[in-house]
Amino acid sequence: MPDLNKIIDDLSKLTVAEAADLSKQLEEKWGVTPMAAAAPAAAAGGEAASDKDEFTIMLVSAGDKKINVIKEVRAATSLGLKEAKDLVEGAPKEVKAGVPKKEAEEIKAKLEAAGAKVELK
């Protein structure tokens, strides 16, 4: 096994230009990009819900007042009546994805006021 301390020392002596060149060569050799390498680490670390910028609004169930929930789904999305009805009746389903936190909380509150059970992911 190589001496890891020696490798660390050698890498520490590189200039910025040499480090950038090394990075490019490793990307080519291993077929990865910095974002692809970072994605598994970010997923493994996990994010708390409060740290996320975008949320997915999931309709868990419509409750007893489906018509009111359908109206709120239509107001929150660009779905037509049939599509909104199908979404509500097919719960659990995604209502909207990539929503900023404030908007997601507003939509969740409106859907819950209409009688639905909603989760933010």
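Note that the structure is a prediction, hence the values are computed from the model and not measured. (Residues numbered from 1 in each chain as written. Predicted model: local features only at pLDDT ≥ 70, side-chain atom pairs only at ≥ 80, totals over all residues. Heavy atoms only, no water.)

Student: Give me the lowdown on the sheet that holds strand β3 (residues 117-120), citing residues and values where you can.
Tutor: Taken together, three strands build an open sheet; the order of strands is β2-β1-β3 and the sheet is antiparallel. Strands at the two margins of the open sheet, each flanked by one partner only, are β2 (93-100) and β3. Going across the sheet, the axis of each strand differs from the next one's by a mean of 25°, ignoring polarity. As paired strands, strand β1 (residues 54-61) and β2 are joined by five bridges and run antiparallel to one another. Across the sheet, the residue bridging to F55 is V99, located in β2. Against the sheet, helix α6 (residues 101-113) touches β1, β2 and β3, its axis set at about 145° to β2. (Pairing = 2+ DSSP bridges. Helix = DSSP H or I, 4+ residues; strand = E, 2+ residues; numbered from the N terminus. Axes fitted to C-alpha atoms, helices over the stretch in contact; angles between N-to-C directions. Contact = heavy atoms within 4.5 Å.)

Student: Tell me about the nonpolar core, and name the residues and values.
Tutor: Counting residues in each nonpolar core, the largest one holds 19 residues, and the members touching the most others are I57, L59, V69, V73, V88 and L111. Elements supplying a minimum of two residues to this core: β1, α4 (66-76), α5 (81-89), β2 and α6. Filtering out sequence-adjacent residues up to four positions away, L59 remains in contact with V69, L87, V88, A91, P92, K93, V95, A116, K117 and V118. (Core = buried A, V, L, I, M, F, W, Y, C linked by side-chain atoms within 4.5 Å. Buried < 20%, exposed > 50% of the residue type's maximum accessible area, 1.4 Å probe, protein only.)

Student: I'd like a rundown of the pattern of salt bridges, residues and numbers included.
Tutor: With the rule as written, the count across this model stands at six salt bridges. Note that K108 is salt-bridged to E112, the shortest N-O span being 3.9 Å. Taken together, the residues span about one helical turn, with K108 and E112 both in helix α6 at a distance of four residues. We classify K108 as partly exposed; its relative accessible area is 25%. (Salt bridge = Lys/Arg side-chain N within 4 Å of Asp/Glu carboxyl O.)

Student: Can you tell me about the pairing of β1, naming the residues and giving the values?
Tutor: Note that β1 and β3 share four bridges and pair antiparallel. Each residue of the ladder has a partner; that of S61, found in β3, is K117.

Student: Can you explain the environment of E83? Please cite residues and give values.
Tutor: The topology assignment puts E83 in helix α5. Sequence separation of E83 and I70 is 13 residues, and the distance between their C-alpha atoms is 9.4 Å.

Student: Describe the side chain of T77, and please don't skip the residues or the numbers.
Tutor: In this fold, T77 is placed in the loop between α4 and α5. Exposure remark for T77: the relative accessible area of 16% places this residue in the buried category. A polar atom in the side chain of T77 sits 3.3 Å from the backbone nitrogen of L79. (Polar contact = N/O pair within 3.5 Å; in protein donor to acceptor, adjacent residues only side chain to side chain.)

Student: Kindly report on the packing of α4 against α6, identifying the contributing residues and their values.
Tutor: Close contact between α4 and α6 brings their axes to 8 Å; oriented N to C, the two are set at 160°. Relative to α6, the element α4 lies roughly antiparallel. Of the two possible hands of crossing, α4 and α6 adopt the one that is right-handed. Facing V69, E72, V73 and A76 of α4, the residues of α6 in contact are I107, K110 and L111. The residue inventory of the contact of α4 with α6, partitioned by class, reads five nonpolar, no polar and two charged. (Parallel < 35°, antiparallel > 145°, perpendicular 65-115°, else oblique. Left-handed = near helix turned anticlockwise from the far one by under 90°. Nonpolar A, V, L, I, M, F, W, Y, C, P; charged D, E, K, R; others polar.)

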